Amino acid sequence: MWKLFDGLIFDLDGTLWDSADTVCRSWNLTLERLAPEFAGRITRSGIEGCMGMLMDDILRRLLPELREDRFSAVLDGILTDENAYVAEHGGVLYPHVPETLALLAARYPLFIVSNCQDGYIEAFFQAHGLGGYFTDYEDPGRTGKPKGDNIRLVMERNGLKQPLYIGDTQGDWNAACQAGVPFLHAAYGFGRVPEHLPAVQDFAELPAAAEALSPP
């Protein structure tokens, strides 16, 4: 009989999908409307370099010249427009995500904790129809809390004692450490972590990896 974690908690960007191109298009469309002098400045490489960061920090990094008195209005526009655009156009699911989620959901409750705005996870669900696989989700847009705290919040809300967190960046690993849960690196994603950490190179490897790492 398999030994199982009592839940799998996923990061979103760089772990379940690649939405960088969709996000780039959305941000540039919003900038054309609200700050046309910056339109076209958002690039895929810029977005990739900010994956895992909070949205206001991403905007400050990508547009450091944006005046503070315009910052909130531009940020609010970007967040609202991005959710609608992502819900309509979707991103690129990593190979084998739908069928592997179906396999995993038969063995574990599944969750998402991502450093995104309120509505972004829902946009992912709407775009790709995968919401039925997930029991619960959380983000700082709803709670105002950092990722480690949101992992703990999902654990407490769902009675999880031994979950596994799956993500692609150093920030994901840091958050898992803060929450006191083991970490599995989605090495096909955007980020890098210390080489000694357990990793998968393809989403289809997750069932075997989760089984191998399961607690006694």
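Heads up: the structure comes first, above all this text.
The notes below deal with the structure included here. What you are looking at is a predicted structure, and each value in this text was computed from that prediction instead of being measured.

**Re the pattern of salt bridges**
Here is step 1: Evaluated as defined, the whole model comprises 13 salt bridges.
Here is step 2: Among the ionic pairs, Glu 65 bridges to Arg 41, the shortest N-O distance being 3.0 Å. Separated by 24 residues along the polypeptide, Glu 65 in the loop between α3 (55-62) and α4 (68-89) and Arg 41 in the loop between α1 (20-34) and α2 (44-48) bring together distant segments of the chain.
Here is step 3: When its relative accessible area of 36% is taken as the criterion, Arg 41 is described as partly exposed.
Here is step 4: Of the charged contacts in the structure, one is a salt bridge between Arg 60 and Glu 68, with a shortest N-O distance of 3.2 Å.
Here is step 5: Glu 68 gets classed as exposed once you look at its relative accessible area, which sits at 54%.
Here is step 6: A single network of salt bridges, built from pairs that share partners, joins Asp 18, Asp 21, Arg 44 and Glu 48.

**Section: the side chain of Thr 30**
Here is step 1: By the element assignment, Thr 30 lies in helix α1.
Here is step 2: For Thr 30, a relative accessible area of 2% gives the class buried.
Here is step 3: Setting aside anything within four residues of it in sequence, one finds Thr 30 in contact with Ala 35, Gly 77, Ile 78 and Asp 81.

**Here we look at the sheet that holds strand β4 (residues 110-113)**
Here is step 1: Read from one edge of the open sheet, six strands run β5-β4-β1-β6-β7-β8, paired in parallel fashion. Two strands close off the open sheet at either side, each with one partner strand: β5 (134-138) and β8 (199-200).
Here is step 2: Pairing geometry for β4 and β5, over four bridges, is parallel. Its bridge partner lying in β5, Ile 112 is registered against Tyr 137.
Here is step 3: Across the sheet, helix α6 (residues 120-128) is in contact with β4 and β5; its angle to β5 comes to roughly 145 degrees.

**Here we look at the state of the cysteines**
Here is step 1: Tallied over the full model, the rule gives zero disulfides.
Here is step 2: Summary of cysteine pairing: Cys 116 is not part of a disulfide, and the nearest cysteine sulfur, belonging to Cys 50, is at 15 Å.
Here is step 3: We classify Cys 116 as buried; its relative accessible area is 5%.

**Focus on unusual backbone geometry**
With the exception of glycine, the majority of residues adopt a negative phi angle, and the majority of peptide bonds are in the trans configuration.
Here is step 1: Not every positive phi belongs to a glycine, and His 96 is a case in point at roughly 75 degrees.
Here is step 2: Structurally, His 96 can be placed in the loop between β3 (92-93) and α5 (97-105).
Here is step 3: Take His 96: its relative accessible area is 35%, and that puts it in the partly exposed class.

**Remarks on the pairing of strand β6 (residues 163-167)**
Here is step 1: Of all five residues in β6, five are buried, a share of seventy percent or more.
Here is step 2: In this structure, β6 lies alongside strand β7 (residues 183-186), joined through three bridges in parallel fashion. What sits directly across from Gly 167, in β7, is His 185.
Here is step 3: With helix α9 (residues 170-179) bridging β6 and the parallel β7, this β-α-β connection has right-handed handedness.

**Observations concerning α9**
Here is step 1: Of the positions making up α9, those classed as buried are Asp 172, Trp 173, Ala 175, Ala 176 and Ala 179. The buried side chains of α9 occupy one side of the element, clustering within an arc of 160 degrees when seen end-on.
Here is step 2: Check the buried side of α9 and you find it contacts α8 (147-158), β6 and β7.
Here is step 3: The first or second residue beyond α9 is Gly 180, which carries a positive phi of 75 degrees.

**Here we look at the packing of aromatic side chains**
Here is step 1: Applying the stated criterion across every chain, the model contains eight aromatic pairs.
Here is step 2: Centroid distance Trp 17 to Phe 124: 4.8 Å. Interplanar angle 75 degrees. Geometry classified as edge-to-face. Taken together, the residues Trp 17 in strand β2 (residues 17-18) and Phe 124 in helix α6 connect sequence positions 107 residues apart.
Here is step 3: Owing to a relative accessible area of 0%, Trp 17 belongs among the buried residues under this scheme.

How each quantity is defined
- Note on numbering: residues in each chain are counted from 1, in written sequence order.
- Restriction of local features to residues with pLDDT of at least 70 applies here, the model being predicted, together with a cutoff of 80 or more for giving and counting side-chain atom pairs; totals for whole chains, interfaces and linings are based on all residues.
- Heavy atoms from the whole structure form the basis of all side-chain values; hydrogens and water molecules are not counted.
- By convention in these notes, a salt bridge is any Lys or Arg side-chain nitrogen within 4 Å of a carboxyl oxygen on Asp or Glu.
- Note on conventions: DSSP H or I runs of at least 4 residues are helices, E runs of at least 2 residues are strands, and numbering of each starts at the N terminus.
- Partly exposed residues are those whose accessible area sits between 20% and 50% of the maximum for their type, while under 20% is buried and over 50% is exposed, using a 1.4 Å probe and protein chains only.
- Note on definitions: a residue-residue contact is assigned when non-hydrogen atoms from the two residues lie within 4.5 Å.
- Strand pairing is defined by DSSP finding a minimum of two bridges between the two strands.
- Where helices are involved, their axes are fitted lines through C-alpha atoms of the stretch in contact, as for all axes, and angles between N-to-C directions lie from 0 to 180°.
- The disulfide criterion is simple: two cysteine sulfur atoms within 2.5 Å.
- Look down the strands so they point away from you; if going from the first strand over the helix to the second traces a clockwise path, that crossover is right-handed.
- An arc is given here, and it is the one of the directions from the helix axis to the C-beta atoms.
- Put simply, two rings from Phe, Tyr or Trp (the six-membered ring, in Trp's case) pair if the centres are within 6.5 Å, and we call them stacked under 30 degrees between planes, edge-to-face over 60, tilted for the rest.

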